[in-house]
Amino acid sequence: RLDFSCALFDPQGNLVANAPHMPVHLGSMQNAVRSQVNLLGTDWKDREVILSNHPGMGGSHLPDLTVITPVFEEGRAVFYLASRGHHSDIGGITPGSMPPFSKYLEEEGAAIKSFKIVKDEKFQEEGVSEIFIAANSRNLKDNIADLKAQVAANNKGRQLVADLIAEYGLKKVQA
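The text that follows walks through the structure, step by step, so that each part is easy to find. (Residues numbered from 1 in each chain as written. Predicted model: local features only at pLDDT ≥ 70, side-chain atom pairs only at ≥ 80, totals over all residues. Heavy atoms only, no water.)

Attention now moves to the overall build of the protein chain. If you tally the helices and strands in the protein chain, you get four helices and seven strands. Starting at the N terminus, the α and β elements of the protein chain follow one another as β-β-α-β-β-β-β-β-α-α-α. By the compact-globule yardstick of 16 Å for 175 residues, the protein chain fits well, its C-alpha radius of gyration being 16 Å. Along the first, second and third principal axes, the C-alpha atoms of the protein chain reach 50 × 30 × 30 Å. When contacts within the protein chain are restricted to residue pairs at least 6 apart in sequence, those whose partners lie at least 24 apart make up 56%. On the protein chain, roughly 8900 Å² of surface is accessible, and the fraction owed to carbon and sulfur atoms is 54%. Placing the 18 positive and 21 negative side-chain charges of the protein chain at their respective mean positions leaves the two points 3 Å apart. (Helix = DSSP H or I, 4+ residues; strand = E, 2+ residues; numbered from the N terminus. Rg over C-alpha atoms; globule rule 2.2 N^0.38 Å. Contact = heavy atoms within 4.5 Å. Areas by Shrake-Rupley, 256 points an atom, 1.4 Å probe, with all protein chains shown as cover. Lys, Arg positive; Asp, Glu negative; His and termini not counted. Charge placed at Lys NZ, Arg CZ, Asp CG, Glu CD.)

This is the structure in structure tokens:
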């Protein structure tokens, strides 16, 4: 699918750089990152990854799942990486998770405010599966595979940013 976007954010969640992907993703992704930074604060540890799609937390529409990864340096988050991908079905009352006649958010599928999809460096497959099964996802295997790909994309970005910091220093990279 081509409905996927990646971006880099500063410690406050402000957009620093993005790939030229989907404007609807990029316009609201900053709000998603800021919402998680404000919600989790120091409870967000190195190598933990957050999953969110809730419109009250910066989500665009429920099938657009956002995966957010901090880049830690000297014991604190110095950047955040986020990837947002459109998932074909995240549950709800109709396949595709966008029923035109829904009256409640839950009818559209899984609405995730904040879930640590990677904790203690382990992908939380059981926990994320429970979320999607409860929401009536029809493509759980695809959801899991796509989320693992998003986590991998963020991890690659995290490593590349860490390499930049190692080569040029944090102050220069953040300038």
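Next, the rest of the story.
If you look at the biggest cluster of nonpolar residues, it comprises 17 residues, and the most contacted ones within it are Leu 51, Ile 117, Val 128, Phe 132 and Leu 147. Mapped by element, the contributors of at least two residues to this core are strand E3 (49-52), strand E4 (64-73), strand E6 (115-119), helix H2 (125-134) and helix H3 (140-168). If we ignore the near neighbours within four places in the chain, the residues touching Leu 51 are Leu 65, Thr 66, Val 67, Ile 112, Lys 113, Ser 114, Phe 115, Ile 117, Val 128 and Leu 147. Residues Ala 7, Phe 9, Trp 44 and Ala 77 belong to the second largest nonpolar core, which totals 12 residues. (Core = buried A, V, L, I, M, F, W, Y, C linked by side-chain atoms within 4.5 Å. Buried < 20%, exposed > 50% of the residue type's maximum accessible area, 1.4 Å probe, protein only.)

Take the sheet that holds strand E5 (residues 76-86) next. Across the sheet, seven strands lie side by side as E2-E1-E5-E4-E3-E6-E7; this open sheet has antiparallel pairing. The open sheet is flanked by strand E2 (15-18) and strand E7 (122-123), the only strands paired with a single partner. Two strands pair when backbone bridges link them, and E6 and E7 are joined in this way by two bridges, in the antiparallel orientation. The partner of Lys 119 across the bridge, within E7, is Lys 122. Here H2 sits on the sheet in contact with E3, E4, E6 and E7, set at roughly 155° to E6. Across the sheet, H3 lies against strand E1 (4-9), E3, E4, E5, E6 and E7, angled at about 30° from E4, the strand it touches most. (Pairing = 2+ DSSP bridges. Axes fitted to C-alpha atoms, helices over the stretch in contact; angles between N-to-C directions.)

The tally for this structure, following the rule as stated, stands at one aromatic pair. An angle of 40° between the planes, with centres 5.0 Å apart, marks the rings of Trp 44 and Tyr 80 as tilted. With a gap of 36 residues between them, Trp 44 in the loop between helix H1 (23-40) and E3 and Tyr 80 in strand E5 connect regions that are remote in the sequence. Like Tyr 80, Trp 44 is buried. (Phe/Tyr/Trp six-rings, centres within 6.5 Å; stacked < 30°, edge-to-face > 60°.)

So, about unusual backbone geometry. In this structure, Asp 120 takes a positive phi of about 55° despite not being glycine. Structurally, Asp 120 is set in the loop between E6 and E7. A positive phi is found at Asn 136, a non-glycine position, where the angle reads about 75°. Residue position: Asn 136 is located in the loop between H2 and H3.

On to the environment of Ala 135, then. With respect to the helices and strands, the residue Ala 135 is situated in the loop between H2 and H3. Separated by 45 residues in the primary sequence, Ala 135 and Ile 90 have C-alpha atoms spaced 7.1 Å apart.

As enumerated under the stated definition, the model contains four salt bridges in all. For Glu 48, the salt bridge is made with Lys 116, and the minimal N-O distance between the two is 3.0 Å. Taken as a pair, Glu 48 in the loop between H1 and E3 and Lys 116 in strand E6 lie far apart in primary sequence, 68 residues in all. Lys 116 matches Glu 48 in its accessibility class, with the two residues each being buried. The residue Arg 138 makes a salt bridge to Asp 89 at a minimum N-O spacing of 3.1 Å. Residue Arg 138 is located in the loop between H2 and H3, and its partner Asp 89 is located in the loop between E5 and E6; the two are separated by 49 residues in the primary sequence. By relative accessible area, Arg 138 is classed as partly exposed at 33%. (Salt bridge = Lys/Arg side-chain N within 4 Å of Asp/Glu carboxyl O.)

Such coordinate-based values are descriptive only and should not be taken to indicate function.
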